Amino acid sequence: ENVTLRDFPEVADLKEMMSEYDDGITMMSGSGPTVFSLFEEEEKARAAYAKVKAQLEGEDYAVFCVKTL
């Protein structure tokens, strides 16, 4: 994660932006194609989803709100 965040500042920016809305857990999956946040409460997750989606509107990102199994 450190290498990707160093070499691709847009991923670091995305991770920082998303961490403003989470319950303290924002991570990167794999080599950087996915940044995700974990939430204790569904309501908080949905609110964060709406904010992140609005902030990234017009950008080339896909934003999803999903429930873990």
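Provided above is the structure to which this section pertains.
Residues numbered from 1 in each chain as written. Predicted model: local features only at pLDDT ≥ 70, side-chain atom pairs only at ≥ 80, totals over all residues. Heavy atoms only, no water.

(A) Layout of the overall build of the protein. Scanning the protein from terminus to terminus reveals three helices and two strands. Each helix and strand of the protein, placed in order from N terminus to C terminus, yields the pattern α-α-β-β-α. The globule rule puts the C-alpha radius of gyration for 69 residues at 11 Å, and the 12 Å found for the protein is close to it. Burial status across the protein gives 26% buried among its 69 residues. For the protein, the share of sequence-separated contacts (at least 6 apart) that also reach a separation of at least 24 residues comes to 25%. Accessible surface computed for the protein: about 5,400 Å², of which carbon and sulfur atoms make up 51%. (Helix = DSSP H or I, 4+ residues; strand = E, 2+ residues; numbered from the N terminus. Rg over C-alpha atoms; globule rule 2.2 N^0.38 Å. Buried < 20%, exposed > 50% of the residue type's maximum accessible area, 1.4 Å probe, protein only. Contact = heavy atoms within 4.5 Å. Areas by Shrake-Rupley, 256 points an atom, 1.4 Å probe, with all protein chains shown as cover.)

(B) The arrangement of the nonpolar core in detail. One finds L5, V11, L14, M17, M18, M28, V35, V52, L56 and V63 forming the largest nonpolar core, which totals 10 residues. In terms of residues, this core owes the most to one element, helix α2 (residues 9-19), which gives four residues. Leave out the neighbours within four places in its chain, and M17 touches V52, Q55 and L56. (Core = buried A, V, L, I, M, F, W, Y, C linked by side-chain atoms within 4.5 Å.)

(C) Focus on the side chain of D22. Mapped onto the fold, D22 is located in the loop between α2 and β1 (25-29). A distance of 3.2 Å separates a polar side-chain atom of D22 from the backbone nitrogen of I25. D22 has contacts with S37, L38 and F39, leaving out every residue within four places of it along the chain. (Polar contact = N/O pair within 3.5 Å; in protein donor to acceptor, adjacent residues only side chain to side chain.)

(D) Here's a closer look at the environment of G24. With respect to the secondary-structure elements, G24 resides in the loop between α2 and β1. Residues G24 and F36, spaced 12 residues apart in sequence, show a C-alpha to C-alpha distance of 11 Å.

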